[in-house]
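What the coordinates show
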Amino acid sequence: MSIEIDDLADKVQWEKGLISPEIFIDEKVYREELGRLFGRAWLFLAHDSMIPKPGDFFNTYMGGDPVIVARQKDGSVRAYLNACRHRGMKVCRAEDGNARNFMCTYHGWAYDISGELINVPNLADAYHNDLDRKKWGLVQVAQIDNYKGLWFATFDPTAPPLHEYLGDMTFYIDSWVDHVPGGIEILPGVIKWTIRGNWKIAAEQFAGDGYHAQVTHSSSLGKIGEGMWGKMPEGAQFSSRHGHGHSMVFGRVTRFDDDPLSVYNAERNPVVEERLGSSRTNMLGNFTVFPNMSGLPASANLRVWHPKGPNTFEIWSFTVVDKDAPEQVKKAQQLSATLTEGAAGIVELDDGENWNLMGQILEQGYQTRRMDWNYQMGLGHETEDHETYPGRINGTYYGEGPQRTFYRRWLEFMTSEKWPRVDAVRESGDES
Amino acid sequence: MTTQVEAELTAFTAATQELQFRIEQFYYYEAELLDEWKYHAWYDLFSTDSHYRLPVRRNRLRRQRFADEAAARGIEMAHFDADMKTLKLYVNQRESGSNWAEDPPSRTRHLITNVRIRSSADEAGSYDVRSNFLVYRNRLEAEVDLWAGERYDRLRPTDDGSFQIADRVVLLDQNVVLSKNLSVFF
């Protein structure tokens, strides 16, 4: 059984809140996704603070492809495929570090930090000097840009500029990158682990699924504060026509109220309010920047869902702190994030249980693949003209509008031959 | 002239052999508690001033790697970084009745080997003990995980002839954790 691209609209009936789980397991859908989606969308690479000095690099992935992000001598940032032009071997196998050049350990072709080919062994006697090194640099991304220190890239030269791609999402991103004058930095140490499931399950959860927390995380979040069962926290949801989603909870500063972090956050609030207004002060929750960057402002967490096959993905999880915060506050943030997030985190380990089993069922099943999943929560209860928040807004923390929007956008990427530009006329969406 | 190995062998006296035996027995008891899901009893093996840390293993070039991977490197994310107040939160979660990742509980086997004991230079009367582990997890119908690694412990003798774990650093031999979670203790 294999899905044709022409059939995808039947599998993704976002406007009715019906999604076929075949899009989470089908091999052909996955192969197409690597090109049509990950080959065209703007993807998050790294934050400025992870590669501060010339020669600093961070090894990551864009979809299925290994990519090196490197700080240049002039302070700019470049990103290119971590694959030698000769036989496609990785030219750098360290996950991060500082380098003057990268030498492929197969035949010795060497590239400088900009990706240019600078040395080919036996160029004169074996190649007869017939190789034009200028033409054989590492494959650069088509476009690279940053939003307030967050670096993104796309392999599609026809993709619109990053700021247009992010759209209204920047209003929400600002609440965790530009809330204080000094901005943010990423703490050392990326927590990476593996889920046998489809990456979209995680991306959609972070876009809009606050609903799962009271049950999935009953043994962790449910034990913090006054408990959550049955009580929907005060909040709202944002859906972007560009596929992004943000779910907001108001009024809970920090998960724990007895450490230097919560004292710092409380003292910081007036500064944030001054910069962003009260609507984005203490705004916590969860978000997804389409397609595979997500985060949890309450836990100062940022992550990427790296696809590794239709039924496997890796979570790369980063911790964010205010750059100018005192050391003891950064330490408290590190300890707090270590406790709750990551492979061993008391919150996160219960997500792994769900996502793995869902993947296992789809891998083995036939009837279970034919069963549409229900994405109908809050259908028809969103507004386009909220007085405070831009985008399409659901007035409660629980809802599946962001998920429906995510799959609507996903479908557009998967079925469009050209880069699927969001028509300005349809900017506000037409979900009914 | 005796070689280094011979010198170390001759240093094994009846007393050091007995110490080796007692520490290994302590580890086997600890493994039993974990494999039988007696988390609170396991927690009680730690001293109140203890710390439990499981750092991230990094892939770095040889010249840029960390000489001592068990050493703390300032503020850095880790899989576990817990004082005893925090470790209690993990233990309480396992026994909460709604920690779905371990309910039904996984079947685990903690195999402890290569126990190497040195008198602690930092804490008189205590021992700095390194041991290797292999932890097998079998979960629900057919899920299997295997973790290998090393533990750096500070063991503090107790009045009743046993030990307390006064510090533990776990080096898990994985960069990308290959399992869906780390809902086990090492």
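Going along each chain's sequence as written, the residues are numbered from 1 onward. To label them, take the chains in the order written and letter them from A, then take the ligands in the order written and number them from 1. Only residues with pLDDT of 70 or above have their local features reported here, since the model is predicted, and side-chain atom pairs are shown and tallied only from 80 upward, although totals for entire chains, interfaces and linings are computed over all residues. Side-chain numbers come from the whole structure's heavy atoms, not from hydrogens or water.

Glancing now at the pattern of salt bridges. By salt bridge we mean one thing: a side-chain nitrogen of Lys or Arg within 4 Å of a carboxyl oxygen of Asp or Glu. Scanning the model with the defined rule gives 46 salt bridges over all chains in all. Of the charged contacts, one joins Lys 192 of chain A and Glu 95 of chain A as a salt bridge, the two residues approaching to 2.9 Å between their closest N and O atoms. Note that Lys 192 of chain A is positioned in strand S14 (residues 191–195) and Glu 95 of chain A in the loop between strand S6 (77–81) and strand S7 (96–98), a separation of 97 residues in sequence. Each of the two residues, Lys 192 of chain A as well as Glu 95 of chain A, counts as buried. A salt bridge links Asp 81 of chain B to Lys 331 of chain A; the shortest N-O distance between them is 3.8 Å. Linking Asp 81 of chain B in strand S2 (residues 78–83) with Lys 331 of chain A in helix H8 (residues 327–340), this pair reaches from one chain into another. The exposure class of Asp 81 of chain B is buried, given its relative accessible area of 8%. Beyond isolated ion pairs, a larger network of salt bridges with shared partners links Glu 95, Asp 96 and Lys 192 of chain A together with Arg 58, Arg 60, Arg 73 and Glu 76 of chain B. In this description a helix means any DSSP run of H or I spanning at least four residues, a strand means any run of E spanning at least two, and both kinds are numbered starting from the N terminus. The cut-offs for exposure are 20% and 50% of the maximum accessible area for each residue type, with area from a 1.4 Å probe on protein chains only; residues under the lower value are buried, those over the upper are exposed, and the others partly exposed.

To continue, consider the domain arrangement of chain A. Residue and element names in this part refer to chain A. For the purposes of this description, domain bounds are those given by an automatic or database domain assignment. By the assigned domains, chain A splits into domain 1 (43–145) and domain 2 (167–426). Computed from C-alpha atoms alone, the centre-to-centre distance between domain 1 and domain 2 is 32 Å. Any two residues whose heavy atoms approach within 4.5 Å at even a single point are treated as in contact. Residue-level contacts link eleven residues of domain 1 with 15 residues of domain 2. Once two parts are put together, the accessible area they lose, assessed with a 1.4 Å probe and summed over both, is termed the buried area. Approximately 1100 Å² of surface area, both sides summed, lies buried where domain 1 meets domain 2, with 71% of it carried by carbon and sulfur atoms. Any pair of nitrogen or oxygen atoms within 3.5 Å is treated as a polar contact; in protein, a donor-acceptor pairing is required on top of that, and neighbouring residues in sequence qualify only through side-chain atoms on both sides. At the junction of domain 1 with domain 2, the criterion picks out three residue pairs in polar contact (both at pLDDT 80 or more). Looking at the side of domain 1 that touches domain 2, the elements with two or more residues in it are strand S3 (43–47) and strand S4 (56–62). Among the elements that take part in the side of domain 1 that touches domain 2, S4 stands out by supplying four residues, more than any other.

With that settled, consider the interface of chain A and chain B. At the interface, 43 residues of chain A touch 39 residues of chain B. At the boundary of chain A with chain B, total buried surface from both sides reaches about 3500 Å², with 54% on carbon and sulfur atoms. In this structure, the connection of chain A to chain B is made through six salt bridges. Ionic pairing is found between Glu 353 of chain A and Lys 180 of chain B, a salt bridge with its closest N-O pair at 2.7 Å. Put simply, chain A and chain B have 25 residue pairs in polar contact (both at pLDDT 80 or more) between them. Listed by contribution, the elements that provide at least two residues to the side of chain A that touches chain B are S7, S14, helix H6 (213–216), strand S20 (313–322), H8 and helix H9 (349–364) of chain A. Here the element with the most residues in the side of chain A that touches chain B is H8 of chain A; it accounts for eight residues. Residue classes in the side of chain A that touches chain B are distributed as 16 nonpolar, 14 polar and 13 charged. In this count, Pro and Cys sit with the nonpolar residues alongside Ala, Val, Leu, Ile, Met, Phe, Trp and Tyr, while Asp, Glu, Lys and Arg are called charged and the others, Gly among them, polar.

All names here are of chain A. Contact geometry for helix H5 (residues 199–208) and helix H11 (residues 401–415): axes closest at 8 Å, N-to-C directions at 135 degrees. Of the possible angle classes, the one that applies to H5 and H11 is oblique. Helix-helix and strand crossings are classified by hand; for H5 and H11 the assignment is right-handed. Residues Trp 199, Lys 200, Ala 203, Glu 204, Ala 207 and Gly 208 of H5 form the contact with H11, whose own contacting residues are Pro 402, Gln 403, Phe 406, Tyr 407 and Trp 410. For the contact of H5 with H11, the class distribution of residues is seven nonpolar, two polar and two charged. Axes here mean lines fitted to C-alpha atoms, for a helix over just the part in contact, with angles spanning 0 to 180 degrees between N-to-C directions. Small angles under 35 degrees read as roughly parallel and large ones over 145 as roughly antiparallel, with 65 to 115 read as roughly perpendicular and the rest as oblique. Note: crossing handedness is left-handed where the near helix turns anticlockwise from the far helix by less than a right angle, and right-handed where it turns clockwise.

A few words now on unusual backbone geometry. The amide bond that connects Phe 290 of chain A to the next residue, Pro 291 of chain A, takes the cis arrangement and shows omega of 0 degrees. As for its position among the elements, Pro 291 of chain A is in the loop between strand S17 (283–289) and strand S18 (293–296). Going from Asp 103 of chain B to Pro 104 of chain B, the amide bond is cis rather than trans, its omega being 5 degrees. With respect to the element layout, Pro 104 of chain B can be found in the loop between helix H4 (84–94) and strand S3 (107–119). For Asn 282 of chain A, which is not glycine, the phi torsion reads 60 degrees and is therefore positive. Summarising the element assignment, Asn 282 of chain A is placed in the loop between helix H7 (260–276) and S17. Look at Asn 282 of chain A and you get partly exposed, because its relative accessible area is 21%. Of note, the phi angle at Ala 300 of chain A is positive, near 50 degrees, even though the residue is not glycine. According to the relative accessible area criterion, Ala 300 of chain A is buried, its value standing at 12%.

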